[in-house]
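Observations on chain architecture
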Amino acid sequence: MTQDELKQAVARAALEYVVEGAIIGVGTGSTANYFIDELGAMRGRIAGAVASSEATAARLRSHGIPVLDLNEVSTMPVYIDGADEIVESGAMIKGGGGALTREKIVASVADQFVCIADGSKLVKTLGKFPLPVEVIPMAGAVVARRLGALGGQVKLRMKDGQPLVTDNGNHILDVSGLSITDPAAMENDINNIVGVVTVGLFARRGADVALLGMEDGVKTLQ
Ligand code: 5RP
């Protein structure tokens, strides 16, 4: 199976976690896109969705799924999203698609986080994938120095020759070369750097369930 077929398989499997009549939190990225395409087929059976990015909101709307502002929503049973890396405990690196801040916010409201990913995202130790950190633009250099002191190499994410600007008007620093043996502690440490908006470590609130696409089927970790 190709990586895309594995992503499609987990996107389909995630429909089991969709609660009829409820509002669903929806993530960002290629796996989340496959999930949105599946969700489109049951649009009349959910109340709507909260999107973790402008791109996700547009895709949901293109399927006729009502998109709600998080300020109108106090609870949601499930948030479904991909990951760049995940360990068995459910801690993840996210933000490869630049949507980490809204992803973390929407996930924080959901009762359950269901991670959907192809099996290559399952790792023993987080950190091979560069860790995304969203920063206030004026703090980019100072935060880069502080992140460098943690032992990683820091790069400003670029797009079309310019710093990438997130949906929130911020920049992203990608930190490579980290071996993250205590993800919750590192999440705390990076959150405490002034100028950081969000770190793409989802450890204090990791995945409750992971659906991983493997050659022999979808493996569930919970
Ligand atoms: C976006 C994310 C994505 O979930 C992550 O990058 C995985 O993407 P994909 O499903 O395309 O592999 O965190 O900010």
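The structure presented is a predicted model; accordingly, all values stated were derived computationally and were not measured.

1. A word on the overall build of the chain
When its secondary structure is counted, the chain shows 6 helices and 15 strands. A globule of 222 residues ought to have a C-alpha radius of gyration of about 17 Å, and the chain, at 17 Å, matches this closely. Along the first, second and third principal axes, the C-alpha atoms of the chain reach 50 × 40 × 35 Å. Within the chain, the proportion of its 222 residues that are buried is 49%.

2. With respect to the site of the ligand
As a structural note, the neighbourhood of the ligand is formed by 17 residues, with Gly29, Thr31, Gly82, Gly96 and Gly97 the closest of them. Mapped by element, the contributors of at least two residues to the shell around the ligand are α2 (30-40) and α4 (100-109).

3. Regarding the sheet that holds strand β13 (residues 201-202)
Pairing is antiparallel across the open sheet formed by 3 strands, whose spatial order is β4-β5-β13. Unpaired on one side and paired on the other, β4 (85-86) and β13 mark the two borders of the sheet. Of the strand pairs in this sheet, strand β5 (residues 92-93) and β13 are connected by 2 bridges, and their pairing is antiparallel. Bridging from a neighbouring strand, Met92 pairs with Phe202 of β13.

4. Things to note about the packing of helix α1 (residues 3-13) against α2
Between α1 and α2, whose axes approach to 8 Å, the crossing angle comes to 50°. Viewed along their axes, α1 and α2 adopt a mutual orientation that is oblique. As α1 runs across α2, the sense of the crossing is right-handed. Residues Lys7, Gln8, Val10, Ala11 and Arg12 of α1 touch α2, and the partners they reach there are Ser30, Thr31, Tyr34, Phe35 and Glu38. Here the residues of the contact of α1 with α2 sort into 4 nonpolar, 3 polar and 3 charged.

5. Structural notes on the environment of Arg102
In this structure, Arg102 sits in helix α4. According to the C-beta neighbour criterion, Arg102 is buried, with 24 such atoms within 10 Å. Separated by 48 residues in the primary sequence, Arg102 and Glu54 have C-alpha atoms spaced 9.8 Å apart. Excluding residues within four positions of it along the chain, Arg102 makes contact with Ser52, Ser53 and Asp167.

6. Side note on the sheet that holds strand β11 (residues 171-176)
The 4 strands lie next to each other as β8-β11-β7-β12, forming an open sheet whose pairing is antiparallel. Looking at the sheet topology across the chains shown, the edges are occupied by β8 (153-156) and β12 (196-199). When strand polarity is set aside, the average angle formed by the axes of neighbouring strands in this sheet is 25°. For strand β7 (residues 131-135) and β11, the ladder comprises 5 bridges, and the chain directions are antiparallel. Bridge pairing in β11 links Leu131 to Val175. Strands β7, β8, β11 and β12 of the sheet are contacted by helix α5 (residues 140-149), whose axis makes an angle of about 15° with β11.

7. A look at the pairing of strand β2 (residues 48-51)
In this sheet, β2 lies alongside strand β1 (residues 23-26) in parallel orientation, the contact comprising 4 bridges. Residue pairing in the sheet places Ile23 in a bridge with Gly48 of β2. Considered for its hand, the β-α-β crossover made up of β1, α2 and β2 is right-handed.

8. A short note on the confidence of the model for the chain
When pLDDT is averaged along the chain, the result is 97, and 100% of the positions lie at 70 or above. Complex prediction metrics read pTM 0.97 and ipTM 0.98.

9. Overview of the UniProt feature "active site" (unreviewed entry) in the chain
Within this structure's numbering, the places UniProt gives as "active site" (unreviewed entry) are Glu103. Within the secondary structure layout, Glu103 lies in helix α4. Excluding its chain neighbours within four sequence positions, the residues that come into contact with Glu103 are Gly27, Thr28, Ser52, Asp81 and Lys94.

10. Looking at the nonpolar core
It is characteristic of soluble globular proteins that their nonpolar side chains tend to be buried jointly. Residues Val10, Cys115, Ile116 and Val133 are the most contacted members of the largest nonpolar core, which totals 64 residues. The element contributing the most residues to this core is strand β6 (residues 110-118), with 6 residues.

Reading the values: rules and limits
Residues numbered from 1 in each chain as written. Predicted model: local features only at pLDDT ≥ 70, side-chain atom pairs only at ≥ 80, totals over all residues. Helix = DSSP H or I, 4+ residues; strand = E, 2+ residues; numbered from the N terminus. Rg over C-alpha atoms; globule rule 2.2 N^0.38 Å. Buried ≥ 20, exposed ≤ 12 C-beta atoms within 10 Å, placed from the backbone. Near = placed C-beta within 6 Å. Pairing = 2+ DSSP bridges. Axes fitted to C-alpha atoms, helices over the stretch in contact; angles between N-to-C directions. Parallel < 35°, antiparallel > 145°, perpendicular 65-115°, else oblique. Left-handed = near helix turned anticlockwise from the far one by under 90°. Contact = placed C-beta atoms within 7 Å. Nonpolar A, V, L, I, M, F, W, Y, C, P; charged D, E, K, R; others polar. Right-handed = clockwise from strand over helix to strand, strands pointing away. pLDDT = per-residue confidence, 0-100. UniProt positions renumbered as here; feature names shortened; annotations may be inferred. Core = buried A, V, L, I, M, F, W, Y, C linked by C-beta atoms within 7 Å.

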